[in-house]
Amino acid sequence: MTAVTRFPTGGQYVDALQNPRLCFRDPELQTARPQADSLGRPKAISGNFASVFSVTTAAGQRYAIKCFTRNIPDQEKRYRAVSDHLRRLPHRWKIGFDYQPAGIMVAGQTYPILRMEWVEAVGLIRWIEDHLGDRDALFTLAGHFADLTNDLARAGIAHGDLQHGNLLVASDGALKLVDYDGMYVPALAGMAATEHGHRHYQSPGRANAGFGPDLDRFSNWLIYFSLVAISADATLWHTLHEPGGEHLLLTDADFADISTSTRMAALMRHHVEDISQLATQVADLATRPLSALPNLVPLQEINVPAPSTQAPTQTGLPQWMSSHVQKASPPPPALVPLGDHHQLVRWTRITILGLWIATALTLMVVAATDMVAGATTLLGLALALLASRAFYAFLPEHKVRKTIADQHHQAHRQTALAAKTTAILEKERDRRQGDDARHAQADAQSMQALRQRQRHELDAFDRATTTQVSPLNALIVSVSAKQREEINEALALLQQQYVTTYLKRFVLRSGLITGIGEGTVASLRAHGITTPADFRDVVYTAGGYGQRSEVHIVLTSGRSVHVHGVGETRAVALREWRRAHLDRALRQPELPIALPQTMLQQIEARYATERQRVEAQREALQRDRTSHRTALTQKHTQEMKQLTDTHNRRVQSATVAAQDIIRRISEERTRHQALIRKEQDLLRELQAYRHVSYGRFMRRVLFGKVRA
Amino acid sequence: MPYSAEISRSNPTCFVFLVDQSASMSDSIGGETPNSKAAVVSDAINRLLTELSVKCAKEEGVRDYFHVAVVGYGHNNVGSAYGGALAGRDLVPLSQIAENPARVEQRSKKVPDGAGGLVETTVTFPVWMDPVSNGGTPMRQAIEYAHHLVDKWLSEHPACFPPIVLNLTDGEANDGDPVVPAAAIQSLASADGPVLLFNLHVSDAGGSPVTFPDADAGLPDAYARTLFGMSSALPSHMRAYAAQEGFTVSEGTRGFVYNADITSVVQFLDIGTRASDLR
Ligand SMILES: Nc1ncnc2c1ncn2[C@@H]1O[C@H](COP(=O)(O)OP(=O)(O)OP(=O)(O)O)[C@@H](O)[C@H]1O
C-alpha cells in the first residue's frame, strides 16, 4: 500500500481552492481564479474518483484541475506512461495534461493534481439530445467515434472507461476524450486495472478481463451501435433511454440477460434492418470474452426505408413542372387560310338570293297584314342564315378545325380533372403523414409507459423478495454468531477448569504470604479458602451511614464473605498472591487454546442443523421467487413483443401505403404533365385555323369578289 | 448482490439524518476548543450536506442522486430541522438543498503556508441547520418518523440503493427503548437490500474516538453499546473503502462512530454508475 491512502473529500478541495495562492504549488496556478458556483464557491464537477475544477490564470489561460478523492495505485507511474505514449500521437481527440505529484496542499498535506487543458465541449448525452432527429449529424458523429476507436486500437491503447461522461463534443463536432485514469498503454502491461469502467458500457466479460489493449472492445461496439440506431430512428431515444439515465439505449441489465431484455428485443426486431442486424451482433458480443471481440467496423451508410413520416422536400418547383417550364415551345404551325371554295360560295349566294326572291313574292301575293309580313321576312332571313351555315359546314378546313377544337376542349377538361385528382391525392398523403406521425408518437409513448410499468412491477417484486429473504440471511448470520459465541464460551470454561485445577495445587500456609500467619490461615480455611482457586476477588463494601467500610472476599461461588482478621493490607496481599498464580497458569503450555475436535464438532453439528434448516427454507423461498420472477419477465417480454410487433406492422403498412400513394401522385403528375402538353399542342394547332370562321366565310359570300 | 444498485437521477435514493436536539446536547464535549454536542452535530450535518452536494455536482449543476431529510428530535417533538427556504420540508431533492442553504458563513481557519508556518484564511461554510438543544430525547419517535419517510420512499423507488438513516445523538433516549424501532426500520428493504441505519455518537463520557468498530468491547458506556448494537453492518464495498482508508475491518464492522468524523460515509458511496473494483 502506498504512503497516502486517505484522500481529501470533494468538499475539502472546494475549501482549499478558495485560496489558490496557498493551495497550489505551480506558480501559474497560484494566480488562478476558480470558476464559482451559485453560492460563490469553487464549482466542482465530480466523478467517482475525483472532482474537476475550471480555473483561469492571471494571464487568461484556462485549465481543468483534477483533484483526486480516491487512491489510484501507482497513479504517477501510470500517468507518466500514458503521457509518454500519447505525446507521439497526433490525434485530434486527445487533450494535453500535466501530472503534478504534489500539486495541491490540503490541511497541511500535499496531494497530486492533474492539470489539463480545458475542453470547451458538451457531454455526449447533452449533445445527442440537442441533435435528435438530425440523422446526418448523428451518423457523422458515429463515424468520428469509429475513427477514434481505430486510432486507439492502432496505437495499442485502451481507454478503459469509454462512456458518455468521458466523450465530449466540441462545437465543431470534434470528439474529445477525457479521463485517462484507467488508460492502458503498452508500457503498463502486467499491471492491474484501476477500475472496471462504467457499468452500462461493459459486457459481463469485463469483470474477468485483465488490463490490456482489448478493454474497450465491447464499449466501442455498443456506443457506435447506439449512435447509429439513434440516427436512424430518433424515437428509440424516447422509448429506450430513461430520462436522466446514465446510459444511452441499453443498460447492464440488458447485457446480463439478453433473453429477458425487452430493450434488446425492441432493437433486434427493429424494422430498420441495419439496426436489427447491429443489435443482434452487439447481443452476441456481450456473451463473449473481450479478447475474442473484433475491432469496430463502421457502416458505410445507413439504409432507412422511405419514412412515411417525413414530408417531401417542397423547395422550388416540382420536378414535373420545371421540366415543363424549361422546355422551349416549338414554332407555331403555318396558318391555315380559308379556301376559295367558288362553287360553294356561289351555291350559297344562289340559295340566299332564291330565298330573298321567294320571300318577296310571298309578300306581294298574300298582301298580308304588317304582322304577317314581318314574320315572313324574319322567316326568310332565318332560312338564309341556316342555309349559309349548312354550306359553311361543308368546308373541309372547318371540319378539321372543329375536330381539333373538340379535342382541345376534351384535353382541357382532362387536365383540370388530373389537377384535381393530384390535389386530392396530395391531401390524402398529408393526412396520412399526419396520422402516421401521431401513431408513431402514440406507440412510442405506450412503449415507454409499458416499460416504466414493467420496471416498477419487477422492482416491486424484487423488493418483496429481498424483504422476505433478508430476515433469513440475518438469522443465518446470527446462528453463526451464536455458534462462535458458544465455542468461545466452551473454550473459556475449559480454560477455567484448567486454571482451577492448576490453582488448587497451591495451598495457603502460614508465612507464605507476608502478614498472613497461622490465625488468618485458619479463619480463611473456616470459610473454605485454602488455595487461589477458592476466591475470585477482594472488594470493599461501602459503609452505610455511621458504619465503617468492610473488606469482603468474593468466593468462587460469587458469594462474598467477611473474614475476621482480613483487613485492607492482607486483602491486597491475598489478591496479589492469587494474581501471580493466575498469570502463571495462563502462561502454561498445557492451557487449552482450542476446543478438542470432538467438542467442536458436537457444537458445530448442533448449529449446522439449525443453519441448514434456515438455509433450506431460504433456498426454497428463492427457488419459488425465481420461478415467479421468470414467469413475470416472460409476461413482460410477451407484452413488449406484442406492442413492438404492432408498432412494426403499423410502420410497415404505413410505409407501404405511403409508397403507394407517392407512386400514385407521381403517376398522376406525369399524366397531368402529358395532358397539359397535349392541350397546348392542340391550342397551337387550333390557332393555325384562326382564319377559318363562319364570319370570314359570310363576308366572302356577301362581299367577296365574284369570279367565274 | 445486495448494495450494488446504481445511484443516479433515474435511480435516486434517500438519506435521512436524525439529529438529537435534546437539552443534554448543550453539554460541552471535551477537546482543545470545547464545543457543545449540539454544535458538533449541526456542523457534522452541514458538512455532510456540503459533501453530498459536491459529490453530485456535474457541469450543469448538482444532480438529484439523493433526496435528503434532516429530522430534528428534542423538545418532545420530531420534525424537519432545515432552516431558511427549506424550513418544514422532509425529503428534499439534493439540487434544491445545494441552492438553498439558510446562509453562508465565512469561517476563519489557520492553514499551513507550506513553509512550516500557519496563515489565517477564511473559507465559506454553508449552513442548513443551527444547533438547537432543549427538552427530552424522543429518539424512538424519531426513528419511527424516519421509518414512515423511508417506507413511502421505498414504495415509489422499490429498486433503489437502500436508503441510509444516519442518527446523530448523545444516546440518552427517554421515550423508550430505541432498539425496537431500530430493528423495525432495518427490516424495510429495497430490492437491493435492507435499509441501513448508522449512528454517530457524540459523548462527553471520554475515551478515545472510535470509527467503524466490529465489537462493543472498547466502547465507554451503555449508551455507546446500545447505539453500536442498533447500527447496521457496513456493506462489503463500504468496508473495502474503509479498509483502503486505513481502518481495520471485519464482517462485523458496523456503521457506528464514537466522537469521530462521519463524513467518510458519504465518501464510501459509489455515486453514479461506477462498478467499483472494490465490490
Ligand atoms: N479537461 C477537461 N475539460 C473540461 N471538462 C472536463 C475535463 N476533464 C474532465 N472534465 C469534466 O469533468 C468530469 C469528471 O471528470 P473525470 O471523468 O476525469 O473524473 P472521474 O472522477 O474519473 O469521473 P468518472 O467517475 O466518470 O470516472 C467529466 O465528465 C467532464 O465533464
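Treat the numbers as computed from the prediction; the structure is a model and nothing was measured.

1. Overview of the overall build of chain B
Phase 1: Looking only at helices and strands, one finds seven helices and 16 strands in chain B.
Phase 2: A compact globule built from 279 residues would reach a C-alpha radius of gyration of about 19 Å, and chain B, at 18 Å, matches this within 12%.
Phase 3: For chain B, buried positions account for 56% of its 279 residues.
Phase 4: Considering only contacts in chain B between residues 6 or more positions apart, those separated by 24 or more positions represent 75%.
Phase 5: Averaged over its 18 positive side-chain charges, chain B has a centre that lies 4 Å from the centre of its 32 negative ones.

2. What about the overall build of chain A?
Phase 1: In terms of helices and strands, chain A carries 19 helices and twelve strands.
Phase 2: The C-alpha radius of gyration computed for chain A amounts to 52 Å, which surpasses the reference 27 Å derived for 708 residues by more than 25%, pointing to a less compact arrangement than a globule.
Phase 3: Here the C-alpha coordinates of chain A stretch approximately 200 × 65 × 60 Å along the principal axes.
Phase 4: Going through the 708 residues of chain A one by one, you find that 44% of them count as buried.
Phase 5: The contacts in chain A between residues at least 6 apart in sequence include a share of 71% that link residues at least 24 apart.
Phase 6: As presented, chain A carries roughly 37,500 Å² of accessible surface, and 56% of it is formed by carbon and sulfur atoms.

3. A few points about the pattern of salt bridges
Any two side chains of opposite charge can pair, so long as their charged atoms come close to each other.
All names here are of chain A.
Phase 1: Here the structure, examined in full by the defined rule, presents 57 salt bridges over all chains.
Phase 2: Between Asp284 and Arg288 there is a salt bridge; the shortest N-O distance is 3.1 Å.
Phase 3: You can call Arg288 partly exposed: its relative accessible area is 37%.
Phase 4: Across the pair Asp462 and Arg629 runs a salt bridge whose closest N-O atoms are separated by 2.8 Å. Taken together, the positions of Asp462 in helix H15 (residues 396-504) and Arg629 in helix H18 (residues 597-688) put the pair 167 residues apart, joining distant regions of the chain.
Phase 5: A residue is classified by how much of its surface remains accessible, and Arg629, at 30% relative accessible area, is partly exposed.
Phase 6: Here the salt bridges do not stand alone but share partners, grouping Glu242, Asp254, Arg263, Arg455 and Asp459 into one network.

4. Points about the layout of surface pockets
Residue and element names in this part refer to chain A.
Phase 1: The space that makes up the second largest pocket amounts to roughly 1,200 Å³.
Phase 2: Looking at the lining of the second largest pocket, the element that brings in the most residues is helix H5 (residues 124-130), giving four residues.
Phase 3: Per-class residue counts for the lining of the second largest pocket are 16 nonpolar, 16 polar and 17 charged.
Phase 4: Mapping the lining of the second largest pocket onto the domain boundaries places at least three of its residues in each of domain 1 (10-118) and domain 2 (122-292).

5. Comments concerning the site of the ligand
Phase 1: Residues in close proximity to the ligand total 20 residues, the closest being Asn48(A), Ala50(A), Lys66(A), Gly165(A) and Asp179(A).
Phase 2: The residues that come close to the ligand belong to more than one chain, namely chains A and B.
Phase 3: Contact distances for the ligand include 2.9 Å between an oxygen atom and a backbone N or O atom of Asn48(A).
Phase 4: In this structure, an oxygen atom belonging to the ligand sits 3.1 Å away from a main-chain N or O atom of Phe49(A).
Phase 5: In isolation the ligand offers 620 Å² of accessible surface; the protein chains occlude 94% of this area.
Phase 6: Its atoms largely coinciding with the cavity grid, the ligand occupies the second largest pocket.
Phase 7: When its residues are assigned to classes, the shell around the ligand shows nine nonpolar, five polar and six charged.
Phase 8: Looking at which domains feed residues into the shell around the ligand, each of domain 1 (10-118) and domain 2 (122-292) of chain A supplies at least three.

6. Topic: the sheet that holds strand E9 (residues 175-177) of chain A
All names here are of chain A.
Phase 1: With antiparallel pairing, three strands are arranged side by side in an open sheet as E7-E8-E9. For this open sheet the edge positions go to strand E7 (121-123) and E9, each flanked by a neighbour on one side alone. For this sheet, the mean angle separating the axes of adjacent strands, direction not counted, is 40 degrees.
Phase 2: Across the sheet, helix H6 (residues 135-154) touches strand E8 (167-170) and E9, and the angle it forms with E9 is around 40 degrees.

7. Examining the domain arrangement of chain A
Phase 1: Domain assignment breaks chain A into domain 1 (10-118), domain 2 (122-292) and domain 3 (342-394).
Phase 2: If you average the C-alpha positions of domain 1 of chain A and of domain 3 of chain A, the two centres end up 117 Å apart.

8. Description of a nonpolar patch on the surface
All names here are of chain A.
Phase 1: Together, Leu353, Trp356, Ile357, Leu361, Met364, Val365, Val366, Leu378 and Leu381 line one region of the surface with nonpolar side chains, adding up to about 1,000 Å² of accessible area.
Phase 2: Taken together, the elements giving at least two residues each to the nonpolar patch come down to helix H13 (342-366) and helix H14 (370-393).
Phase 3: Broken down by element, the residue count for the nonpolar patch peaks at seven residues, all from H13.
Phase 4: Position of Met364 among the secondary structure elements: in helix H13.

9. Some words on the pairing of strand E6 (residues 66-74) of chain B
All names here are of chain B.
Phase 1: Across the nine residues that make up E6, a large majority, nine, are buried.
Phase 2: Burial of the side chains of E6 extends over both faces: Phe66, Val68, Val70, Gly72 and Gly74 are buried on one face and His67, Ala69, Val71 and Tyr73 on the other.
Phase 3: In this structure, strand E1 (residues 13-20) lies alongside E6, joined through eight bridges in parallel fashion. Paired with Phe17 across the two strands is Val70, which belongs to E6.
Phase 4: In the sheet, E6 pairs with strand E8 (residues 92-93) via two bridges, with the strands oriented antiparallel. Counted as the bridge partner of His67 is Pro93 from E8.

10. With respect to helix H17 (residues 568-587) of chain A
Helical periodicity: at 3.6 residues per turn, an α-helix aligns residues three or four positions apart in one direction.
Residues and elements named next belong to chain A.
Phase 1: Between the first and last C-alpha of H17 there are 29 Å, a value that for 20 residues agrees with the 28 Å anticipated at 1.5 Å per step.
Phase 2: Turning to H17, its buried residues number three or more, namely Ala571, Leu574, Trp577, Arg578, His581 and Ala585. Viewed end-on, H17 has its buried residues packed into an arc of 125 degrees, placing them on one side of the element. For H17, the exposed residues lying more than 90 degrees away from the buried face are Glu568, Thr569 and Arg587.
Phase 3: At its buried positions, H17 is contacted by H15, helix H16 (518-526), strand E10 (535-541) and strand E11 (550-555).

11. As for the packing of aromatic side chains
Phase 1: Scanning the model with the defined rule gives 15 aromatic pairs over all chains in all.
Phase 2: An angle of 50 degrees between the planes, with centres 5.6 Å apart, marks the rings of Phe7(A) and Tyr111(A) as tilted. With Phe7(A) in the segment before helix H1 (10-16) and Tyr111(A) in strand E6 (residues 109-117), this pair connects stretches of sequence that are 104 residues apart.
Phase 3: Taken together, the ring pairs in this structure connect Tyr79(A), Phe97(A), Tyr99(A) and Tyr180(A) into an aromatic cluster.
Phase 4: When the ring centre of Phe125(B) is taken as origin, the NZ or CZ atom of Arg107(B), which lies over that ring, is 3.7 Å away.
Phase 5: The cationic tip of Arg254(B) hangs over the ring face of Phe228(B); the distance from NZ or CZ to the ring centre is 4.8 Å.

12. Looking at unusual backbone geometry
Phase 1: A positive phi angle is found at Ala107(A), which is not glycine, with a value near 50 degrees.
Phase 2: Mapped onto the elements, Ala107(A) comes out in the loop between strand E5 (97-106) and E6.
Phase 3: The exposure class assigned to Ala107(A) is exposed, which follows from its relative accessible area of 70%.
Phase 4: Look at Tyr3(B): it is not a glycine, yet its phi comes out positive at around 55 degrees.
Phase 5: Mapped onto the elements of the fold, Tyr3(B) is located in the segment before E1.

13. Section: the sheet that holds strand E12 (residues 560-561) of chain A
Residue and element names in this part refer to chain A.
Phase 1: Taken together, the three strands give an open sheet; going across it, the order is E10-E11-E12, and neighbouring strands pair in antiparallel fashion. Strands with a single pairing partner mark the edges of an open sheet, and in this sheet they are E10 and E12.
Phase 2: As judged from the two bridges shared by E11 and E12, these two strands associate in the antiparallel manner. In the strand pairing of E12, Val554 is matched with Ser560.
Phase 3: Where H17 meets the sheet, it contacts E10 and E11, and its direction lies at approximately 155 degrees from that of E10.

What counts as what
- Residues numbered from 1 in each chain as written.
- Chains lettered and ligands numbered in written order.
- Predicted model: local features only at pLDDT ≥ 70, side-chain atom pairs only at ≥ 80, totals over all residues.
- Heavy atoms only, no water.
- Helix = DSSP H or I, 4+ residues; strand = E, 2+ residues; numbered from the N terminus.
- Rg over C-alpha atoms; globule rule 2.2 N^0.38 Å.
- Buried < 20%, exposed > 50% of the residue type's maximum accessible area, 1.4 Å probe, protein only.
- Contact = heavy atoms within 4.5 Å.
- Lys, Arg positive; Asp, Glu negative; His and termini not counted.
- Charge placed at Lys NZ, Arg CZ, Asp CG, Glu CD.
- Areas by Shrake-Rupley, 256 points an atom, 1.4 Å probe, with all protein chains shown as cover.
- Salt bridge = Lys/Arg side-chain N within 4 Å of Asp/Glu carboxyl O.
- 1 Å grid on protein atoms, 1.4 Å probe; cavity = no way out; pocket = protein on both sides within 12 Å on 5 of 7 lines; lining within 4 Å.
- Points joined across faces, edges and corners; volume = space filled by probe spheres on them.
- Nonpolar A, V, L, I, M, F, W, Y, C, P; charged D, E, K, R; others polar.
- Domains from an automatic or database assignment.
- Near = heavy atom within 4 Å.
- Polar contact = N/O pair within 3.5 Å; in protein donor to acceptor, adjacent residues only side chain to side chain.
- Sits in = over half its atoms within 2 Å of the grid points.
- Pairing = 2+ DSSP bridges.
- Axes fitted to C-alpha atoms, helices over the stretch in contact; angles between N-to-C directions.
- Patch = residues over 30% accessible without salt bridge, like charges linked within 9 Å, V, L, I, M, F, W, Y side chains within 5 Å.
- Expected span 1.5 Å × (residues − 1).
- Arc of directions from axis to C-beta.
- Phe/Tyr/Trp six-rings, centres within 6.5 Å; stacked < 30°, edge-to-face > 60°.
- Lys NZ or Arg CZ within 6 Å of the ring centre and 35° of its normal.

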